[in-house]
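Below, each chain spelled out in residue letters.
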Amino acid sequence: MPDTPISQGNFVLYKQRPARVLQAGERVEIELEEGKPVKVRPKDVVLLHPGPLERLSDLHPQEGDLETAWELLAGDTTSLAELAELAFGDFTPATAWETWQHVADGLHFRGTPEAVEARTAEAVEQERQARAARAAEKEAWDALIARVREGQIEPEDERYLKELDDRANGQRPDNRILRALGIADSPEKAHGLLLKLGRWDDAVNPYPLRLGVALSQPASELIELPDEPRQDLTHLPAFAIDDEGNQDPDDALSLDGNRLWVHVADAAALVPPDSEADLEARARGANLYLPESTVTMLPPEATRQLGLGLSEVSPALSFGLDLSDEGELMDVEVVPSWVRVTRTTYAEVSRRLDEEPFKTMYHLAQLSEERRIEEEAISIELPEVKIIVQDGQVLIEPLQPLPSRMLVSEAMVLAGEAVARFALERGLPFPFTTQPPPDTFERPTTLAEMFAVRKTLKRSQQTSIPAPHAGLGLEVYARATSPLRRYLDLVVHQQLRAFLRGENTLGEEEVMERVGAAEAVTGGARQAERLARRHWTLVYLLQHPNWRGSGVLVDKRGTRGTVLIPELSLEIQLQVPDDMVLDASVPLILTGVNLAELEAHFRIE
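Below is a short write-up of the structure.

Brief notes about unusual backbone geometry
Part 1: In this structure, the amide linkage connecting Gly51 to the following residue, Pro52, adopts the cis form with an omega of 5°.
Part 2: Of note, Pro52 is situated in the loop between strand E5 (45-49) and helix H1 (66-73).
Part 3: Note that the residue after Glu356, namely Pro357, is joined by a cis bond; omega there is 5°.
Part 4: Assignment of secondary structure puts Pro357 in the loop between helix H11 (346-351) and helix H12 (358-374).
Part 5: Despite not being glycine, Gln16 shows a phi value in the positive range, around 65°.
Part 6: Here Gln16 lies in the loop between strand E1 (11-14) and strand E2 (17-23).
Part 7: Positive phi, close to 50°, is recorded for Ser569, a residue that is not glycine.

Observations concerning the environment of Arg485
Part 1: Inspection of the secondary structure assignment puts Arg485 in the loop between strand E21 (461-463) and helix H15 (487-500).
Part 2: In sequence terms Arg485 and Pro249 are 236 residues apart; their C-alpha atoms lie 10.0 Å from each other.
Part 3: With near-sequence residues (within four places) excluded, Arg485 lies in contact with Asp248, Asp250, Ala286, Asn287, Tyr289 and Met297.
Part 4: A polar contact of 2.5 Å, which involves the side chain of Arg485, links it to the side chain of Ser482.

Some remarks on helix H2 (residues 80-88)
Part 1: Regarding H2, the residues found buried are Leu80, Ala81, Leu83, Ala84, Ala87 and Phe88. Down the axis of H2, the buried side of the element spans an arc of 165°, and every buried residue falls inside it.

Let's talk about the pattern of salt bridges
Part 1: In total, this model carries 52 salt bridges according to the counting rule given.
Part 2: Residue Arg421 pairs with Glu417 through a salt bridge whose shortest N-O separation is 2.9 Å. With Arg421 and Glu417 both in helix H13 (residues 403-425) and 4 residues apart, the pair spans about one turn of that helix.
Part 3: Taking the relative accessible area as the measure of exposure, Arg421 reaches 27% and is therefore partly exposed.
Part 4: Residue class for Glu417 comes out buried when judged on its relative accessible area of 2%.
Part 5: Sharing partners across several salt bridges, the network here consists of Glu228, Arg230, Asp266, Arg497, Arg501 and Glu503.

Describing the side chain of Asn10
Part 1: Note that Asn10 resides in the segment before E1.
Part 2: Dropping the residues within four chain positions of it, Asn10 is found in contact with Pro5, Ala19, Arg20, Val21, Leu47, His49 and Pro50.

Looking at the packing of helix H9 (residues 276-284) against helix H16 (residues 508-543)
Part 1: Put simply, H9 and H16 touch, their axes get as near as 6 Å, and they point 50° apart. Compared by their axis directions, H9 and H16 come out oblique. On the side of H9, the interface is formed by Arg282, Ala283 and Arg284, while H16 contributes Arg514, Ala517, Ala518 and Val521.
Part 2: Of the residues belonging to the contact of H9 with H16, the class tally is 4 nonpolar, no polar and 3 charged.

Conventions and cut-offs
- Residues numbered from 1 in each chain as written.
- Predicted model: local features only at pLDDT ≥ 70, side-chain atom pairs only at ≥ 80, totals over all residues.
- Heavy atoms only, no water.
- Helix = DSSP H or I, 4+ residues; strand = E, 2+ residues; numbered from the N terminus.
- Contact = heavy atoms within 4.5 Å.
- Polar contact = N/O pair within 3.5 Å; in protein donor to acceptor, adjacent residues only side chain to side chain.
- Buried < 20%, exposed > 50% of the residue type's maximum accessible area, 1.4 Å probe, protein only.
- Arc of directions from axis to C-beta.
- Salt bridge = Lys/Arg side-chain N within 4 Å of Asp/Glu carboxyl O.
- Axes fitted to C-alpha atoms, helices over the stretch in contact; angles between N-to-C directions.
- Parallel < 35°, antiparallel > 145°, perpendicular 65-115°, else oblique.
- Nonpolar A, V, L, I, M, F, W, Y, C, P; charged D, E, K, R; others polar.

Below, the structure is given as structure tokens:
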């Protein structure tokens, strides 16, 4: 039949459906089962029988023995006509159709009308087993979907539900369970379904995995602390001032007359450039701080050896800062040192600000802050909270704006300014931190004004070219006080250490390669932290379903307002009255939480 032209009355196959040729030509007019004539190209039809076929309804089921025919032909090739005659004793349109359906089924036969292959017994058995497996899989799948619709799951569903876990964790691009249920296919919807099924509970925080952030602690090796000269500053009382419960104290303050010393954990002494620990820290970019855990960029042993106040005497890189009466930085000394550090808290130091050395330290910090404010430094003091997860319970503690916090933060800013000047004066390649000024500037005083100013701030940048940091009101600045926690601070310390020891420092290109590597990963880590904090804040609300409190209207667009809840440090969107003004207090009552979508719903009480 391969050379037989298509003609009127032929029985043909069109898109695997039976058809009767009504008229042949450049276009073939055919009739389909539903009786509708269609014009198609000759190459779109396959001749099954020359006919004539008067009606498609004549294609009745036929009685024959195709299985016996297969047994006789197994392993051989024949034609559709020969197979039909062998199985049915005649080759008619009806037997051609019955035979072709068996060929199309693919169990015993496969091929084309001109060349039908009778499969071997082994191939048929393999196909039967494969079909049985597919049938069992479909039965299991259908049973799973039926259970999921009822909000139930069984142990045998694990392999399917693992796919749903992976979708919620951002490890798969799609999920067939969601599609089967007619649910929008997204990580958030997968998360919501897992909560509904009880497979996940509120304690599951998917955001680090979803953003590709490492959750395992680093296991790289550190070098031994070098036996090298260090200035002995142990005679100066030094204080590591942190929130209670802090586990990685990496800076401390002491006073020598009017000289303020900022001591920083000497991380570069254990982590030289391109060492195993350095490469791993570069790949992580920074510590990951989650309410439920902390994942460090350096091995935990680094904190045990270098954390200030964790041993009787600690190695440090110390910055001696001399200030003028106007708070100007006059001189800086950078030395490797030994320090004896006492750990204390912000609350304790705030109670002792009238005692030395805290009194003088605080005075120097005030001078520096006033000097920066005159240079139009931008101060934004929006509410902050500390979120802790203990045994599944979420604790949210507002951070009080204690004067000791200003003391420590200002000392760290001074150290960053001093180190940047030190590098600039000596032509030392550095990752300087810069920030362009906002387009307009008005000093904010209320929460709404601070919220508005924050939206206008431009992102800070890490660059090898020194430039002003508008937010801090400084001509030059570099982050240098957290080398255990931030990779680029570690790079600063590596550069300073090499310079002080008379060794080769990294070139500008090498510094910027490290900047690029760190920035490529820290954005995801910071986003994971933000989303995790919101997640646990909403879990807190789920644990306090009768929550009532007050917020502050900090932004308004028509009747749509942004309300800040200070005690939770939570921003929400809310319909507000037309006449409500910015900075108005908004009494709120919780009405619901959608954890998977990170939404909390309130109404004005």
